[in-house]
Amino acid sequence: MDDEILMVIAEKDYGSTRGIKTTDRDFLHGRWIHLINYDWAVEGFGQWETDEFDNLTSRVLAGGGGRYSVAQRRDVYSFALGLGAFHETEKQNLVSYQDTNELWRMNSYYTYNYQINDNVKVANTAYYQPSLSDFNDFRVLFDAGISVKISTRLQLQVNYRLTHDSEPAQNLLVSPPIDNHKTNTEYATSLVYSF
């Protein structure tokens, strides 16, 4: 059993329609996992992200926790639960002023993977992240996808993502007013190359 897992994910989303920018988002996530045994692991993580169209100048967070493998069968399926906490610093551009929030959030999640055959895999992860000082301030992330192996290192992925923020960016005193949606959904198709 390999005792250490190190994972880094970097994403850049940029889009335009008829010459008008519609998407501009950056994301960097690093995670270290130490396997204690086949069922238990501890992990630490850090993340940085920006999203111009969500008025997010930057979100930086760092934290850790534990993970328990509820069920697994090597190379077929796995289902795990995680629980931990992280500290977050979020800066928002609300046009007439900048807003900075620092707080601790609980990090609870499940992750499910199922290898249908040698070339096709489905995956689903969901996070629930309430503020530790106010459980009415929470975020939810639901991510589901399917990946099809094209070669040993290249995969085609189709994903569905739903995000919910109970307290999205808002400034009704500017024109046009900033009143972000609480719930957003997106579909993505991508090519993934593994090193």
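Structure shown above.
Residues numbered from 1 in each chain as written. Predicted model: local features only at pLDDT ≥ 70, side-chain atom pairs only at ≥ 80, totals over all residues. Heavy atoms only, no water.

Colleague: Please clarify how the pattern of salt bridges should be interpreted in this entry.
Modeller: Note that side chains of opposite charge can pair when their charged atoms are close. Within this structure, the stated rule accounts for 18 salt bridges. With a shortest N-O distance of 2.5 Å, Arg59 and Glu90 are connected by a salt bridge. Pair noted here: Arg59 is in strand 4 (residues 56–73) and Glu90 is in strand 5 (residues 77–93), with a separation of 31 residues, a long-range link. A residue is classified by how much of its surface remains accessible, and Arg59, at 10% relative accessible area, is buried. Taking relative accessible area as the criterion, Glu90 reaches 6% and is therefore assigned buried. Residue Glu88 pairs with Arg105 through a salt bridge whose shortest N-O separation is 3.1 Å. In this pair, Glu88 is assigned in strand 5 and Arg105 in strand 6 (residues 98–115), connecting sequence segments 17 residues apart. As far as burial versus exposure is concerned, Glu88 and Arg105 are alike and both buried. Through salt bridges with shared partners, a single ionic network connects Glu49, Arg59, Glu88, Glu90, Arg105, Asp137, Arg139 and Asp165. (Salt bridge = Lys/Arg side-chain N within 4 Å of Asp/Glu carboxyl O. Helix = DSSP H or I, 4+ residues; strand = E, 2+ residues; numbered from the N terminus. Buried < 20%, exposed > 50% of the residue type's maximum accessible area, 1.4 Å probe, protein only.)

Colleague: Explain the environment of Leu191 to me, please; I cannot follow it from the model alone.
Modeller: As for its placement among the helices and strands, Leu191 is situated in strand 12 (residues 183–193). Classification of Leu191 as exposed rests on a relative accessible area of 59%. For the pair Leu191 and Gly145, spaced 46 residues apart in sequence, the C-alpha to C-alpha distance is 13 Å. If near-sequence neighbours (up to four positions away) are discounted, Leu191 is found in contact with Ile150, Leu154, Gln155 and Leu156. (Contact = heavy atoms within 4.5 Å.)

Colleague: In this structure, what is going on with the packing of aromatic side chains? I would like to understand it.
Modeller: Each aromatic ring pair is characterised by the separation of its centres together with the angle its planes make. Under the defined criterion, the tally for this structure stands at 8 aromatic pairs. Their ring planes at 40° and their centres at 6.0 Å tell us that Phe79 and Tyr110 sit as a pair that is tilted. Residue Phe79 is found in strand 5, and its partner Tyr110 is found in strand 6; the two are separated by 31 residues along the sequence. Relative to Phe195, the ring of Tyr193 lies with its centre 5.5 Å away and its plane at 85°, an arrangement referred to as edge-to-face. As far as burial versus exposure is concerned, Tyr193 and Phe195 are alike and both exposed. (Phe/Tyr/Trp six-rings, centres within 6.5 Å; stacked < 30°, edge-to-face > 60°.)

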